[in-house]
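Inside the fold
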Amino acid sequence: MIGNDIVDLALARKESNWQRNRFLDKIFTKNEQQMILNDANPEIMVWNLWSRKEAAYKIYNRETGIRGFFPLQLECFYENGTLGTVSIRGKTYFTQSKIENDSIYTIAVVEKEYFKKIKSINPAVKILKKNGIPFTIDCNSKIEKPVSITNHGRFWEGITLLD
Amino acid sequence: MNKEQTIEELKNIVKPYIQNQEAFDGLTEDTDFINDLKINSANLVDVILDIEEKYDIVIDNEAMERMVNVKAAMEIIENKLSEKNS
């Protein structure tokens, strides 16, 4: 199981005002808010944590079939700017984030070893959806393969797990 | 307050955040904020804050969790308003 999420920082700046009254309260725990406000660059921390929550939610949604908006329950444990975990209702997912070219990109996995098996998918490949969850069909074997896709502003990323 | 009026008010609230005009024009109770209107999930927070401000209500975490479509939003507004006025 995998999930990914990308934030185009230029677009985020335009679309969202994270300094809006109560905005942080709705999506970040007290600990996370502390981390944001104590950081030298709070804006980057907001979107770094947010992309981790979103990537982890994609796995959770896939594993449980539960759909909803509960960002506060997806709690980030921040190891450093790149690594961490996100926990929700007794489950813990591993995250790897990358900040580059005015974007923040996070991949979440169920097992740490899966990070080595992540493969990008071709944007041209046909993406199908079942209950809102994306997959592709291998043209030779006809086997369904779960994928995770994310798109924001100038960026698109699609990933799958190698067998 | 009647249903049609609430839907109209809700349309005005979500309008700045939608990314699918067609789904917005044909908005019904079954319209999904993310899948249909393509509202960015970070902007869903703004929708929730805008609703709180407009109706002077507090949407708790439990209610927020269900806030993924028009129907749920309408029920939540109705419930919170009646709690407030009781």
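Residues numbered from 1 in each chain as written. Chains lettered and ligands numbered in written order. Predicted model: local features only at pLDDT ≥ 70, side-chain atom pairs only at ≥ 80, totals over all residues.

Going by the annotation in an unreviewed UniProt entry, the name recorded for chain B is Acyl carrier protein, with Flavobacterium limicola given as the source organism.

As annotated in an unreviewed UniProt entry, chain A carries the name 4'-phosphopantetheinyl transferase superfamily protein and comes from Flavobacterium limicola.

**Concerning the overall build of chain A**
Of regular secondary structure, chain A possesses four helices and 10 strands. The secondary structure elements of chain A, listed N-terminal to C-terminal, are β-α-α-α-α-β-β-β-β-β-β-β-β-β. Radius of gyration (C-alpha) of chain A: 16 Å, near the 15 Å computed for a compact globule of 163 residues. In terms of principal-axis extent, the alpha carbons of chain A reach across some 50 × 35 × 30 Å. Per-residue burial over chain A gives 33% buried out of 163 residues. Sequence separation of at least 24 residues holds for 57% of the intrachain contacts in chain A that already meet a minimum separation of 6. (Helix = DSSP H or I, 4+ residues; strand = E, 2+ residues; numbered from the N terminus. Rg over C-alpha atoms; globule rule 2.2 N^0.38 Å. Buried ≥ 20, exposed ≤ 12 C-beta atoms within 10 Å, placed from the backbone. Contact = placed C-beta atoms within 7 Å.)

**Observations concerning the sheet that holds strand β8 (residues 133–137) of chain A**
Residue and element names in this part refer to chain A. Taken in spatial order, the five strands of this open sheet run β6-β10-β9-β8-β7, and their pairing is antiparallel. The open sheet has two free edges, formed respectively by β6 (118–120) and β7 (128–130), since each of these has just one partner strand. Geometrically, the sheet is characterised by an average inter-axis angle of 40° between neighbouring strands, direction not taken into account. Where β6 meets strand β10 (residues 155–161), three bridges bridge the pair, whose relative direction is antiparallel. What sits directly across from serine 120, in β10, is isoleucine 159. (Pairing = 2+ DSSP bridges. Axes fitted to C-alpha atoms, helices over the stretch in contact; angles between N-to-C directions.)

**Comments concerning the nonpolar core**
Core analysis: the biggest nonpolar cluster contains 50 residues, and Ala56 and Ala108 of chain A together with Val14, Ile39, Val47 and Ile48 of chain B have the highest contact counts within it. Secondary-structure elements contributing two or more residues to this core are β1 (2–8), α4 (42–64), β3 (83–88), β4 (91–100) and β5 (103–109) of chain A together with α1 (3–14), α3 (41–55) and α5 (70–85) of chain B. The greatest single-element share of this core, amounting to 10 residues, is contributed by α4 of chain A. Setting aside residues no more than four positions away along its own chain, alanine 108 of chain A makes contact with Ile2, Gly3, Ala55, Ala56, Ile59, Val86, Tyr93, Phe94 and Thr95 of chain A. (Core = buried A, V, L, I, M, F, W, Y, C linked by C-beta atoms within 7 Å.)

**Focus: the UniProt feature "domain: 4'-phosphopantetheinyl transferase" (unreviewed entry) in chain A**
Annotation from UniProt places "domain: 4'-phosphopantetheinyl transferase" (unreviewed entry) at residues 2–100 of chain A. In residues 2–100 of chain A, the share of helix is 44% and the share of strand is 27%. The end C-alpha atoms are 21 Å apart. (UniProt positions renumbered as here; feature names shortened; annotations may be inferred.)

**So, the pairing of β10 of chain A**
Residues and elements named next belong to chain A. The sheet contact formed by strand β9 (residues 144–152) and β10 spans six bridges and is antiparallel. What sits directly across from threonine 150, in β10, is glutamate 157. The antiparallel pairing of β9 with β10 creates a hairpin that spans two residues between the two strands, and glycine 153 there sits at a positive phi of about 55°.

**Focus on α4 of chain A**
Taking 1.5 Å as the rise per residue, α4 of chain A with 23 residues should run 33 Å; its terminal C-alpha atoms sit 32 Å apart, in good agreement. Of the residues flanking the end of α4 of chain A, it is glycine 65 of chain A, one or two places downstream, whose phi is positive at about 75°. (Expected span 1.5 Å × (residues − 1).)

**Describing the interface of chain B and chain A**
Listed as interface residues are 15 residues of chain B and, on the opposing side, 15 residues of chain A. Of all the secondary structure elements, the ones that give two or more residues to the side of chain B that touches chain A are α3 and α4 (61–66) of chain B. It is α3 of chain B that contributes the most residues to the side of chain B that touches chain A, seven residues altogether. Within the side of chain B that touches chain A, the residues separate by chemical class into eight nonpolar, five polar and two charged. (Nonpolar A, V, L, I, M, F, W, Y, C, P; charged D, E, K, R; others polar.)

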